[in-house]
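Here are the chains, one letter per residue:
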Amino acid sequence: MADWSLIESTLEAWVLDITGLPTYWRGRPRAPSFSNTGYALLDITARKTVGVDQVVVEYDNTQAAGEEIRGYQSGFRTFTFSVQIRTQRQTVDFDAKNYTSLIHDSLRLPLKTVTPLAAADVAIAKVLAETDIDQTLDGRDLSIAQIDIRMNATSVTEDTKTGYIETIKDATFEAPEGTPR
């Protein structure tokens, strides 16, 4: 299965690295944020399997006897990664759309994006939408913008390792004299 804890922690660290804003997952408890710069609200939706998973069986002679045969199921997954930025400051350099633009403009950077995401077996497919949202929350005008990114992921689930009995060398059997063989 896809390692969702690794995927989520990697995506969270990536958004923090790009924006510098505190990050929180939607629907999970979080500490109150009193940051003047704002925060990023993260969500994963629309998880899908692409095609049919493949079952692969490999022989590994370096493993212990009885564990030489390794089987696993692998497949491709897609999901939508949403990043909603909420800021209180209305200046251009701290506006929410500035932060979503930073994310959008960093999607193909090899060291800042591609390599860290590859460590969690995920890659960016495309940007689905970048939306500005006007909202008043608790009597305050907020700058809110959201970017939705289609992500690709791989899923590998390993089966129980097994082995097999190797061929037995020719053996000779002793029988009492006169016994037919």
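Residues numbered from 1 in each chain as written. Predicted model: local features only at pLDDT ≥ 70, side-chain atom pairs only at ≥ 80, totals over all residues. Heavy atoms only, no water.

Participant: Even after reading the chapter, I still don't get the nonpolar core, so can you show me in this structure?
Facilitator: In summary, soluble globular proteins display a tendency toward joint burial of nonpolar side chains. Within the largest apolar cluster, 28 residues are counted, with the highest numbers of intra-cluster contacts made by W14, F79, F81, V83, I149 and M151. Where this core is concerned, the elements lending two or more residues are α1 (4-19), β2 (39-59), β3 (69-87), α2 (96-104), β4 (122-137) and β5 (140-158). (Core = buried A, V, L, I, M, F, W, Y, C linked by side-chain atoms within 4.5 Å. Buried < 20%, exposed > 50% of the residue type's maximum accessible area, 1.4 Å probe, protein only. Helix = DSSP H or I, 4+ residues; strand = E, 2+ residues; numbered from the N terminus.)

Participant: Which parts of the structure should I look at to understand the side chain of S82?
Facilitator: Position of S82 among the secondary structure elements: in strand β3. If we ignore the near neighbours within four places in the chain, the residues touching S82 are L41, L42, D43, Q146, I147 and D148. (Contact = heavy atoms within 4.5 Å.)

Participant: Please clarify how the side chain of S74 should be interpreted in this entry.
Facilitator: Considering the arrangement of structural elements, one finds S74 in strand β3. Other than its neighbours up to four places away in sequence, S74 contacts D53, Q54, S155 and V156.

Participant: How do you make sense of the packing of α1 against α2 when you look at a structure like this?
Facilitator: Angle between the axes and distance between the axes are the two parameters that describe a pair of packed helices. Relative orientation of the contacting elements α1 and α2 amounts to 115°, with a least axis distance of 9 Å. With respect to α2, the element α1 is oriented roughly perpendicular. The hand of the α1/α2 crossing is right-handed. Every residue of α2 that contacts α1 at W14, I18 and T19 is listed here: Y99, L102 and I103. Among the residues forming the contact of α1 with α2, the class breakdown is five nonpolar, one polar and no charged. (Axes fitted to C-alpha atoms, helices over the stretch in contact; angles between N-to-C directions. Parallel < 35°, antiparallel > 145°, perpendicular 65-115°, else oblique. Left-handed = near helix turned anticlockwise from the far one by under 90°. Nonpolar A, V, L, I, M, F, W, Y, C, P; charged D, E, K, R; others polar.)

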